[in-house]
Amino acid sequence: MRVWLVIFAVLALAAPAAAEQRASLTEIEKQVMCPVCGTLLQLAESPQAQRERVFINRMIDEGRSEAQIKDALVAEYGEEVLALPPDDGFSLSAYLVPIVALLLAAAALAVGVWRWRRAGDGPGAGGAPRAAGPSGEDAERLEADLARYDL
């Protein structure tokens, strides 16, 4: 009896792994492009997109994995069929340039805020003297006006 339970448990654990390895058209359509339209295959409606879907379905029926199907699509249509560029060589810049630009923008913003905050620290900071309040007769008149409107 215990042997059957062990076998059942092993099969139950192996079933999700086998299901994950099986490729599906909907997952592959999100990762490849139509070579004619230049849009994701899941959005394309051209005759070429239909032929590409048939090609993918045929390979799924043969039991090929997702990676094997994408390799076959690249062999058939070229690197442009992949929605994401490869992560090596010059194509790596498609991933690195936005990250570097974001870091540079954050650094420039931090320096700008730091300089702006320092400019307001005291008289003479940032090259501009602070404006002084009213003096003498103006101060007396201001005090009198404020006292008159005091509620």
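Residues numbered from 1 in each chain as written. Predicted model: local features only at pLDDT ≥ 70, side-chain atom pairs only at ≥ 80, totals over all residues. Heavy atoms only, no water.

Draft legend 1. Focus on the overall build of the protein. Regarding its fold elements, the protein presents six helices and zero strands. Ordered by position from the N terminus, the helices and strands of the protein form the series α-α-α-α-α-α. Each of the 151 residues in the protein was classed as buried or not, and the buried ones make up 16%. A sequence separation of at least 24 residues applies to 39% of the contacts in the protein between residues at least 6 apart. Counting only carbon and sulfur atoms, one obtains 63% of the accessible surface of the protein, whose full area is about 11,800 Å². (Helix = DSSP H or I, 4+ residues; strand = E, 2+ residues; numbered from the N terminus. Buried < 20%, exposed > 50% of the residue type's maximum accessible area, 1.4 Å probe, protein only. Contact = heavy atoms within 4.5 Å. Areas by Shrake-Rupley, 256 points an atom, 1.4 Å probe, with all protein chains shown as cover.)

Draft legend 2. Highlighting the pattern of salt bridges. Evaluated as defined, the whole model comprises five salt bridges. Arg 64 is paired through a salt bridge with Glu 62; the nearest N and O atoms lie 3.3 Å apart. Note that Arg 148 is salt-bridged to Asp 145, the shortest N-O span being 2.6 Å. Here Arg 148 and its partner Asp 145 are both found in helix H6 (residues 137-148), three residues apart, which amounts to about one turn of the helix. The exposure class of Asp 145 is partly exposed, given its relative accessible area of 28%. (Salt bridge = Lys/Arg side-chain N within 4 Å of Asp/Glu carboxyl O.)

Draft legend 3. Spatial organisation of the nonpolar core. Within the largest apolar cluster, 16 residues are counted, with the highest numbers of intra-cluster contacts made by Ile 28, Val 32, Leu 41, Ile 56, Ile 69 and Leu 73. When residues of this core are traced back to their parent elements, those giving at least two are helix H3 (47-61) and helix H4 (66-77). When residues no more than four places from it in sequence are discounted, the contact partners of Leu 73 are Ile 28, Val 32, Glu 52, Phe 55, Ile 56, Gly 78 and Val 81. (Core = buried A, V, L, I, M, F, W, Y, C linked by side-chain atoms within 4.5 Å.)

Draft legend 4. Inspection of the side chain of Arg 53 at higher detail. Tracing the sequence through the fold places Arg 53 in helix H3. The exposure class of Arg 53 is buried, given its relative accessible area of 11%.

Draft legend 5. Expanded view of H4. Helix length check: H4, at twelve residues, gives a terminal C-alpha distance of 16 Å against a target of 16 Å (1.5 Å per residue), a fit within 8%. Residues Ile 69, Ala 72, Leu 73 and Val 74 constitute the buried set of H4. Packing partners of the buried residues in H4 comprise helix H2 (25-29) and H3. (Expected span 1.5 Å × (residues − 1).)

Draft legend 6. Spotlight on a nonpolar patch on the surface. A cluster of nonpolar side chains, Leu 84, Leu 92, Tyr 95 and Leu 96, forms an exposed patch at the surface whose accessible area comes to about 350 Å². If you trace the backbone, Leu 84 turns up in the loop between H4 and helix H5 (93-119). (Patch = residues over 30% accessible without salt bridge, like charges linked within 9 Å, V, L, I, M, F, W, Y side chains within 5 Å.)

Draft legend 7. Looking closely at the packing of aromatic side chains. Here the structure, examined in full by the defined rule, presents one aromatic pair. Ring geometry for Phe 55 and Tyr 77: centres 6.4 Å apart, planes at 80°, overall edge-to-face. In this pair, Phe 55 sits in helix H3 while Tyr 77 sits in helix H4, placing the two residues 22 residues apart along the sequence. (Phe/Tyr/Trp six-rings, centres within 6.5 Å; stacked < 30°, edge-to-face > 60°.)

Draft legend 8. Broad picture of H3. With 15 residues, H3 ought to run about 21 Å at 1.5 Å a step, and its terminal C-alpha atoms sit 21 Å apart, in line with that. For H3, the set of buried residues is Gln 48, Ala 49, Glu 52, Arg 53, Phe 55, Ile 56, Met 59 and Ile 60. One side of H3 holds all its buried residues, which, seen down the axis, span an arc of 160°. Projecting away from the buried face of H3 at angles above 90 degrees are the exposed residues Pro 47 and Asp 61. Contact partners of the buried residues in H3: H2 and H4. The first or second residue beyond H3 is Gly 63, which carries a positive phi of 90°. (Arc of directions from axis to C-beta.)

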